[in-house]
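# Structural overview
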Amino acid sequence: MRALVLFSGGLDSLLALRIIKDSGIELLALNFVSPFCRCNRKDGCSAVGQLKKIGVDFKLISLKEEYIEMVKAPKFGYGSNVNPCLDCRIMMFKKAKQIMAEADAKFIITGEVLGQRPMSQQKRQLELIEKETGLSGLILRPLSAKLLPKTIPEEEGWVKKELLLALSGRSRVSQISLAKEINVKDYPCPSGGCLLTDPGFSRRVKDLFKYSELTLQEAELAKIGRHFRINEKLKLVVGRDKIENEHLFSLIKSGDTYFMPQDDVAGPTALARGLNGEIGIDNICAAIVARYCDRKDEGKVLIEKCSPPSEERTVLSIEPIMEDELDSLRI
């Protein structure tokens, strides 16, 4: 008997996996990586290390362009921010359904807990997900199984019913206790692993909806730096440390301009997207960069402006922008 596990990298999915593995079911874990994972890594979530320790086969599934398109126009709308949780779950289950046939798996396991997520883990939403994906009766949620309608794996005796639980609600006390009991340690990715649930990040995505377009590159840019909306066409992103400064350089594309302090002045790199030569606008960008330079209290700061691919450079002697004006531009 083989089953798939939707493995998010959080404690709940790890516990669900362990419960069913102890039933003697052969498992294949599916780890979905979206452009909005907080723990986004080339090898998937850091919890993949747990799968290797346990000895469970896994498959990494990267959702890129299709995820971006889903976020732009989710069929079932957003949560409190720009999180299309229902559409996200449906997409993952549809992908899992395709893999079921390839992997000769009989059902799907998830770590979902009844009532834990207001948008996607109430009974009505769980039923909707199964209806939309054509997986009615084939999704087993071990942590809440005793509170939900019986699934085919339960009715057919494929899983040990005594191992199934009746957890519900947002508290993690029972899960943490169970983790200690079955010796699950070092579980990464706590709840809230999706950036789309973060209010600050959501503001940046909404800004893209209003003034630009959400693309994979724009999503990557939205993850880093301090963001400022200068006008309808121009956005400035200022790095917060050396790593972000280097990352900004890697995201520069044709038509962008970057700013950085000259000579021995310590300060950030900034990427301006949409700068079109309007008089005085480059001074505003330079003044914002100057605000984050170490010598901002000594008067004017020398800020270098460069517009690839020509690499033509201009040096601006500029006073740092005032804090209240800076706040009015912040995304």
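All chains use their own residue numbering, which begins from 1 and follows the written sequence. Whole-chain, interface and lining totals are the exception, using all residues; otherwise, since this is a predicted model, local features are given only for residues with pLDDT of at least 70 and side-chain atom pairs are given and counted only at 80 or more. The side-chain figures draw on all heavy atoms in the structure; neither hydrogens nor water molecules are used.

We count a stretch as a helix when DSSP gives it H or I for four or more residues in a row; a strand needs E for two or more, and each element gets its number in order from the N terminus. The span one expects for a helix is its residue count, reduced by one, times 1.5 Å. For helix α8 (residues 199–211), which comprises 13 residues, the first-to-last C-alpha distance of 18 Å matches the rise-based estimate of 18 Å (1.5 Å per residue) to within 8%. Buried, partly exposed and exposed residues are distinguished by accessible area as a fraction of the type maximum, computed with a 1.4 Å probe on protein chains only: under 20%, between the cut-offs, and over 50%, respectively. Along α8, the positions that sit buried rather than exposed are Phe201, Ser202, Arg204, Val205, Asp207 and Leu208. Contacts made by the buried residues of α8 are with α9 (216–222), β6 (226–229) and β7 (235–238). Its side-chain oxygen placed 3.1 Å from the backbone nitrogen of Gly200, Asp198 serves as the N-cap of α8. The contact rule is simple, with two residues in contact once any of their heavy atoms fall within 4.5 Å. Any N or O atom pair separated by 3.5 Å or less is treated as a polar contact, with the protein-specific requirement of one donor-capable and one acceptor-capable atom, and with residues adjacent in sequence counted only for side-chain atom pairs.

As a further point, take the packing of aromatic side chains. Aromatic rings from Phe, Tyr and Trp, taking only the six-membered ring of Trp, are treated as a pair when their centres fall within 6.5 Å; an angle between ring planes under 30 degrees marks them as stacked, one over 60 as edge-to-face, and anything in between as tilted. Taken as a whole and judged by the stated rule, the model has 5 aromatic pairs. Look at Phe36 and Tyr67: their rings are 5.9 Å apart centre to centre, the planes differ by 50°, and that puts the pair in the tilted class. With Phe36 in the loop between β2 (26–33) and α2 (48–54) and Tyr67 in helix α3 (residues 65–72), this residue pair connects regions lying 31 residues apart in the sequence. Pairwise contacts between aromatic rings join Phe36, Tyr67 and Phe201 into one cluster.

Remark: a regular strand shows side chains that alternate across the two faces of the sheet. Whether two strands pair depends on DSSP finding at least two bridges between them. Pairing between β6 and β7: 4 bridges, direction antiparallel. Within β7, the residue paired with Arg226 across the bridge is Val238. Hairpin connection, β6 to β7: the antiparallel pair is bridged by 5 residues.

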